[in-house]
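Coordinate inspection notes
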Amino acid sequence: MMDRRDFLKSVTASTAALHTLAARAGAARQLPVSSGLMPVAEASVEGHTKLATFQHRDETWTVYEDLRVRDGVLTFAASDGKARVLRKTAEATFAEEGPQHLGLDIKAIGMADADLLADKLLANGDPAEADVRRAAPPMNSDHGGEHRPEFRPGWNTFVGTRECSDTMPVFPAGNTRTYHPQQYVKELTLQMANQRHEGLVGGWMPAVRKVLPDGEDTYLEIVVFGDVMAHDRFIVQTWHRTARIRNGMISSVQYGYSYPSYTRRRQEPKAEDFYRGLLEFAEYWERQTSDLVPITLPDASWTDMVRYAFVKELMVRPGGDYPKYGAVDRDYYGSEYDGFQDIFTMSLYANMECGRFDQAHDVFDNYFTSFTDTLGMVNMRGPETAQFGLTLFLVSRYAQLTGDHKLVLKHQEKIEATARLLAELHDESLKLPASDPGYGLLHGWCESDSCLMPDPSIWNKPYFANSAFAVRGWRAIAGTWKMLKPAESAQLVADWSRRSELLEAALVRSVQANTWHDRTPPYVTQMPGVKIMFRDAIAKEHPSEQGWAHRCYTEMLHPDVLPEADANAVIDCMRAYGATTMGVVANVERANPYGRAILGFISYGYAHTLLRLNRVEEYILFLYAHRYHDHSRGSWTAGEVSGINGGGALFCIPAQQTIPLLVRWMLVFEEFDANHLHFGRAIPREWIVGGRPIGVTGAPTRWGRVSYRLAHRDASALVATVELPGRGELPEELHVSFRVPQGRTLRSATVNGRVASFGGTHRDAVIVHPGGERRFEVVAVLA
């Protein structure tokens, strides 16, 4: 029996060995980003280990695995000459050695109003991805308490299928609620699990992979995935492989299916059964995500995260469309959360922007059928006022992008009722005395949890966010109804348009009147009449009407109805006075000497505004920080709220769907009102250095689907190719950005061979007026 000191030495040596294996993996040949079918000749298996042969759909399949490197591929070769290659990923789940938090004192970080981590990471322009990753210990997404038996820490990810109405949690050591690898590998301990690398098989597919150190040149690899061919209503049947890999060979392996063996009636599956199940799994998940717009980035893990977010949504939603906020535990899988507006708005938004129109249709139809009544009220305990306006905007966006007017008109009565609900709130505000600070502004809860408090009326306030999204919602739905029902809706359209203009004017006046210019930077309140800053209010008032400042500020910015100067002032205020953490919206609370937290969901609206205002470096920091500090490493389980000390977080699906929006907008971004379409506006400079292509094909916009590709022509020139729809109206302007690597500058540009110039805030964008052209080659020559 190894004593604890010998064990720790063993783990340290094993971890170093794993890093060596990972380095070898990076030096291996470039692997295909897609896990789809390819000619077998393109899937070299030279030097790979043959694992099994089995029959599947009238073909004979042979499985090979590259065990020479830790993250070697699995290849399925069929007798008909086709092959399927599954990449394997792995990220360290433990903190890197050296000082944490960039060497800053955690007490200073927590107590400071300013976002010290963001300030340091942005000091030299674009933040470095590696620096952001190291800026805090990994979020481990531990969904359990501190006092658990050795093999019962909290789960950190889960597996499932679209059809099943529940999910199966997977724990750090690879066990589920029904299967325990440690029954077969007695040496497996939680200490080993705490030094694991974690990832997925298939790159983005929900096959959990855990790599645990087990001595010199040896590691345990545990793979778990849901059986996509099972038909249980609530039980996720699971496939398991627990292998010890030593010096590039499998020295022992155990296959499992859902439960431990029991007499001759339940025996462990054969290798052929496991690999057939894995092949069926890969085919299934490719079908489920086949409509996602193809995205190409230098680091495939970013595109993997985008696709995996939609996979995770399908596993969480029973039947793929019924809403759930979280998974596994009552918080947040309980039915009391199902009608939460943020589940609907985030899902509809992300699926639409990434081209998943069928899923968007199902989410839209489900919510308006089952969770919205004929009065426009939602079937959830605490309505959020601003979310009604966001809903109207997204309904209009859906009609714009998909052309599916039939579904919109199917729910016409409820959509109009939603707009009337906001109109009633507007009318009530206009009955107040003109001297009232909230005159003309919509009063209502900003946060669903207001309803849980002893006196919910404390939060029935004129938060600027309520009015900002009402303006955007009315403006959008008026345009949609004018298009769909020009004659019969004329009166409604006129009323919504009038209200949006009246409310916008009142909102801007009030925001400007409630900006405190005696501070540097100026302090912008979240509602009129406030006399105390939000962090002080939370510390002194119990409860405080400013308790959800993070939501209020984010939803105040996102609708894009404030003048640019005021929107910039709000962002500066948030960064300076405690409303951001590492560049992401903070979960605002009183100053805390033990740290501060990131708001994983909702905050995407803040990022949208950063990009609109061309605060690109801050946008990139948001992108990096959200990935590395609001997702568990490797398993990519997103937290509703995540600290920066390496603790756990409660999973929620809206947080998971943030990365798809950020990546999509980074490549193709359209402004709400101006007829401007931006390409490559927020590509990190460091991603340009390697010379690999970057792009997206068929990104939906209100003008139709567009494509964008950025590549190096040679060492001194970048070429951006933009393709617009073949027919229909076009944007007035295309802004094609070239964020060149540090040390290089832009010298000249051409558009389809014609001399062009650089414009935009940072003089790094070629502004193109399409005229009648629909394809553009924009060349930027570097100095």
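Preceding this section is the structure that the text describes.
On a predicted model such as this, the values are computed, not experimentally measured, just so you know.

Calculation criteria
- Residues numbered from 1 in each chain as written.
- Predicted model: local features only at pLDDT ≥ 70, side-chain atom pairs only at ≥ 80, totals over all residues.
- Heavy atoms only, no water.
- Helix = DSSP H or I, 4+ residues; strand = E, 2+ residues; numbered from the N terminus.
- Rg over C-alpha atoms; globule rule 2.2 N^0.38 Å.
- Contact = heavy atoms within 4.5 Å.
- Areas by Shrake-Rupley, 256 points an atom, 1.4 Å probe, with all protein chains shown as cover.
- Lys, Arg positive; Asp, Glu negative; His and termini not counted.
- Charge placed at Lys NZ, Arg CZ, Asp CG, Glu CD.
- Salt bridge = Lys/Arg side-chain N within 4 Å of Asp/Glu carboxyl O.
- Buried < 20%, exposed > 50% of the residue type's maximum accessible area, 1.4 Å probe, protein only.
- 1 Å grid on protein atoms, 1.4 Å probe; cavity = no way out; pocket = protein on both sides within 12 Å on 5 of 7 lines; lining within 4 Å.
- Points joined across faces, edges and corners; volume = space filled by probe spheres on them.
- Nonpolar A, V, L, I, M, F, W, Y, C, P; charged D, E, K, R; others polar.
- Core = buried A, V, L, I, M, F, W, Y, C linked by side-chain atoms within 4.5 Å.
- Phe/Tyr/Trp six-rings, centres within 6.5 Å; stacked < 30°, edge-to-face > 60°.
- Lys NZ or Arg CZ within 6 Å of the ring centre and 35° of its normal.
- Pairing = 2+ DSSP bridges.

**Topic: the overall build of the protein chain**
- Looking only at helices and strands, the protein chain has 23 helices and 31 strands in total.
- Here the C-alpha atoms of the protein chain give a radius of gyration of 27 Å, agreeing with the 28 Å that 2.2 N^0.38 yields for 783 residues.
- With respect to the three principal axes, the spread of C-alpha positions in the protein chain is 80 × 65 × 55 Å.
- For the protein chain, the share of sequence-separated contacts (at least 6 apart) that also reach a separation of at least 24 residues comes to 67%.
- Total accessible area on the protein chain is roughly 29,400 Å²; 50% of this is exposed by carbon and sulfur atoms.
- Looking at the protein chain, you have 84 positive and 95 negative side-chain charges, and the mean spots of the two groups are 3 Å apart.

**Some details on the environment of Pro260**
- Considering the arrangement of structural elements, one finds Pro260 in the loop between strand E13 (249–257) and helix H6 (271–288).
- Considered as a pair, Pro260 and His762 are 502 residues apart in the sequence and their alpha carbons are 61 Å apart.
- If we ignore the near neighbours within four places in the chain, the residues touching Pro260 are Thr178, Tyr179, Gln183, Tyr184 and Arg266.

**Re the pattern of salt bridges**
- This structure, assessed with the given rule, holds 54 salt bridges.
- Across the salt bridge formed by Arg551 and Glu555, the nearest N and O atoms sit 2.9 Å from each other. Taken together, the residues span about one helical turn, with Arg551 and Glu555 both in helix H17 (residues 549–557) at a distance of four residues. Glu555 matches Arg551 in its accessibility class, with the two residues each being buried.
- Notably, a salt bridge pairs Arg702 with Glu670, separated by 3.0 Å at the nearest N-O pair. Of this pair, Arg702 sits in the loop between strand E23 (694–701) and strand E24 (704–714) while Glu670 sits in strand E21 (residues 668–670), placing them 32 residues apart in sequence.
- Residues joined in a network through salt bridges with shared partners are Glu65, Arg70, Asp71, Lys88, Arg209, Glu221 and Arg241.

**Here's the deal with the layout of surface pockets**
- Taken as a whole, the second largest pocket holds about 540 Å³ of empty space.
- In this structure, the second largest pocket is lined by 24 residues; those nearest its centre are Ser396, Gln400, Ala476, Phe672 and Arg702.
- Of all the elements in the fold, those that place two or more residues in the lining of the second largest pocket are helix H9 (341–353), helix H11 (385–402), helix H14 (464–484), helix H22 (658–667) and E21.
- Take the lining of the second largest pocket: its biggest share by element is six residues, from H14.
- A per-class count over the lining of the second largest pocket returns nine nonpolar, six polar and nine charged.

**Description of the nonpolar core**
- With 205 residues, the main nonpolar core has Phe76, Tyr275, Trp285, Met666, Leu667, Phe679 and Phe738 as its most contacted residues.
- Of the residues forming this core, the biggest block, 12 residues, is contributed by H14.
- With near-sequence residues (within four places) excluded, Tyr275 lies in contact with Leu51, Ala52, Phe54, Val63, Leu74, Phe76, Arg241 and Tyr255.
- Formed by 16 residues, the second largest nonpolar core is a distinct cluster that contains Val159, Val185, Val224 and Val236.

**Quick notes on the packing of aromatic side chains**
- Here the structure, examined in full by the defined rule, presents 40 aromatic pairs.
- With centroids separated by 4.9 Å and ring planes inclined at 90°, the aromatic side chains of Tyr284 and Trp285 adopt a geometry described as edge-to-face. As far as burial versus exposure is concerned, Tyr284 and Trp285 are alike and both buried.
- Pairing Tyr349 with Tyr604 gives two aromatic rings, centres 5.8 Å apart and planes at 85°, and the pair type is edge-to-face. Taken as a pair, Tyr349 in helix H9 and Tyr604 in helix H19 (residues 604–612) lie far apart in primary sequence, 255 residues in all. You'll find Tyr349 and Tyr604 in the same group, each marked buried.
- Taken together, the ring pairs in this structure connect Phe225, Trp239, Tyr255, Tyr257, Phe274, Tyr275 and Phe281 into an aromatic cluster.
- The ring of Tyr333 is capped by Lys324, whose NZ or CZ atom sits 4.7 Å from the centre of that ring.
- Above the plane of the ring of Phe357 lies Arg705, whose end atom (NZ or CZ) is 4.7 Å from the centre.

**Overview of the sheet that holds strand E27 (residues 746–751)**
- The strand order E14-E23-E24-E25-E31-E27-E28 describes an open sheet built from seven strands, whose pairing is antiparallel. Looking at which strands have only one partner, the edges of the open sheet turn out to be strand E14 (295–296) and strand E28 (754–756).
- Strand direction decides the pairing type here: strand E25 (residues 717–723) and strand E31 (residues 775–782), joined by seven bridges, are antiparallel. Bridged to Leu718 within E31 is Ala780.

Note that all results are geometric; they support no functional claim without further evidence.
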